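Take a look at the letters that make up each chain.
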Amino acid sequence: MQIEAVTGDITEERVDAIVNAANSSLMGGGGVDGAIHRAAGPGLLEECMELRRTELPDGLPVGQAVPTAGYDLPASWVIHTVGPNRHRGETDPALLASCFTSSLQVASDVGAASVAFPAISAGVFGWAMGDVARVAVAAVAGWRPAEAGSGIDLVRFVLVDETARSAFAAEL
Ligand code: AR6
């Protein structure tokens, strides 16, 4: 599995699945969540509302992941995960690592071969970029699929600027 770090806008990534740094409500928000909902169009919010009505009446727990279609995005899938919020005292790196491993498992389950991640929890949720990079790279590099035969061959971290990219590159 190739793992790389680039600068860019994750909504433009031509990969099978992009990961959204969402919140438990799945109703959109600011940051990368807002950008993904804007670029995907209204179908994404409709599917998220349907998920809330059916499988997730209490919302998506921190550290877990759920897939939707990608709608108007180049990516076929959006995998929504909820990072730990440092401003709420959620400082356990295992919760952040779980966002990455749960998202990879969901990506594998839907048959994605390439996955792009943002720096989950490094924005509104208040984690330092260096901490996110360390946890993210260790989690992805150490991840093994629940069953043999995962077809994921590319994981790309898509970061907003060169400072963030170099934090990830240092860990890689
Ligand atoms: N492409 C790649 N990275 C981006 C993009 C983009 N288009 N836009 C922002 N980032 P954040 P969080 C970076 O705040 O900390 C939302 O309101 C951003 O610069 O998006 O997990 C949700 O609804 C930062 O480095 O996610 C939640 O309520 C990183 O993505 C809450 O924010 C993550 O920042 C989640 O907070």
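The notes below deal with the structure included here. Quick caveat, the model's predicted, so the values are computed rather than measured. (Residues numbered from 1 in each chain as written. Predicted model: local features only at pLDDT ≥ 70, side-chain atom pairs only at ≥ 80, totals over all residues. Heavy atoms only, no water.)

### Structural notes on the nonpolar core
Ranked by size, the top nonpolar core spans 32 residues in total, and within it F100, F117, F157 and F168 carry the most contacts. Once residues lying within four places of it in the same chain are set aside, the contact partners of F157 are I3, E4, A5, V6, F100, F117, A136, V137, V140 and F168. In terms of nonpolar packing, the next biggest core, distinct from the first, is built from 20 residues, L26, L60, V66 and A116 among them. (Core = buried A, V, L, I, M, F, W, Y, C linked by side-chain atoms within 4.5 Å. Buried < 20%, exposed > 50% of the residue type's maximum accessible area, 1.4 Å probe, protein only. Contact = heavy atoms within 4.5 Å.)

### As for the packing of aromatic side chains
Applying the stated rule across the entire model yields 4 aromatic pairs. Here the aromatic residues F100, F117, F157 and F168 are joined through ring pairs into a cluster of three or more. Sitting above the plane of the W127 ring, R86 keeps its charged end 4.5 Å from the centroid. (Phe/Tyr/Trp six-rings, centres within 6.5 Å; stacked < 30°, edge-to-face > 60°. Lys NZ or Arg CZ within 6 Å of the ring centre and 35° of its normal.)

### Here's the deal with the sheet that holds strand β4 (residues 77-82)
Strands sit in the order β1-β6-β5-β2-β4-β3 across an open sheet of 6 strands; the sheet is mixed. Each edge of the sheet is formed by a strand with only one pairing partner; in this case those strands are β1 (2-7) and β3 (65-69). Going across the sheet, the axis of each strand differs from the next one's by a mean of 25 degrees, ignoring polarity. The sheet strands contacting helix α2 (residues 42-53) are β3 and β4, and the helix crosses β3 at an angle near 135 degrees. Lying over the sheet, helix α3 (residues 93-110) contacts β2 (17-22), β3, β4, β5 (114-117) and β6 (154-159), oriented at roughly 155 degrees with respect to β4. (Pairing = 2+ DSSP bridges. Helix = DSSP H or I, 4+ residues; strand = E, 2+ residues; numbered from the N terminus. Axes fitted to C-alpha atoms, helices over the stretch in contact; angles between N-to-C directions.)

### Examining the site of the ligand
N23, G30, V32, D33 and G123 are the nearest of the 23 residues found near the ligand. Here an oxygen atom of the ligand sits 2.7 Å away from a polar atom, N or O, in the side chain of N23. One nitrogen or oxygen atom from the side chain of D33 is found 2.7 Å from an oxygen atom belonging to the ligand. Computed on the free molecule, the ligand has an accessible area of 710 Å², of which 86% lies beneath the protein chains in the complex. At the level of elements, β2 and α1 (31-40) are the ones that each hand at least two residues to the shell around the ligand. (Near = heavy atom within 4 Å. Polar contact = N/O pair within 3.5 Å; in protein donor to acceptor, adjacent residues only side chain to side chain. Areas by Shrake-Rupley, 256 points an atom, 1.4 Å probe, with all protein chains shown as cover.)

### Points about the packing of helix α4 (residues 129-142) against helix α5 (residues 162-171)
Across the interface, α4 lies against α5 with an axial gap of 9 Å and an inter-helix angle of 40 degrees. The orientation of α4 relative to α5 falls into the category oblique. The chirality of how α4 crosses α5 is right-handed. For the pair α4 and α5, contact is made by M129, V132, A133, R134, A136 and V137 and by A164, A167, F168 and E171, respectively. (Parallel < 35°, antiparallel > 145°, perpendicular 65-115°, else oblique. Left-handed = near helix turned anticlockwise from the far one by under 90°.)

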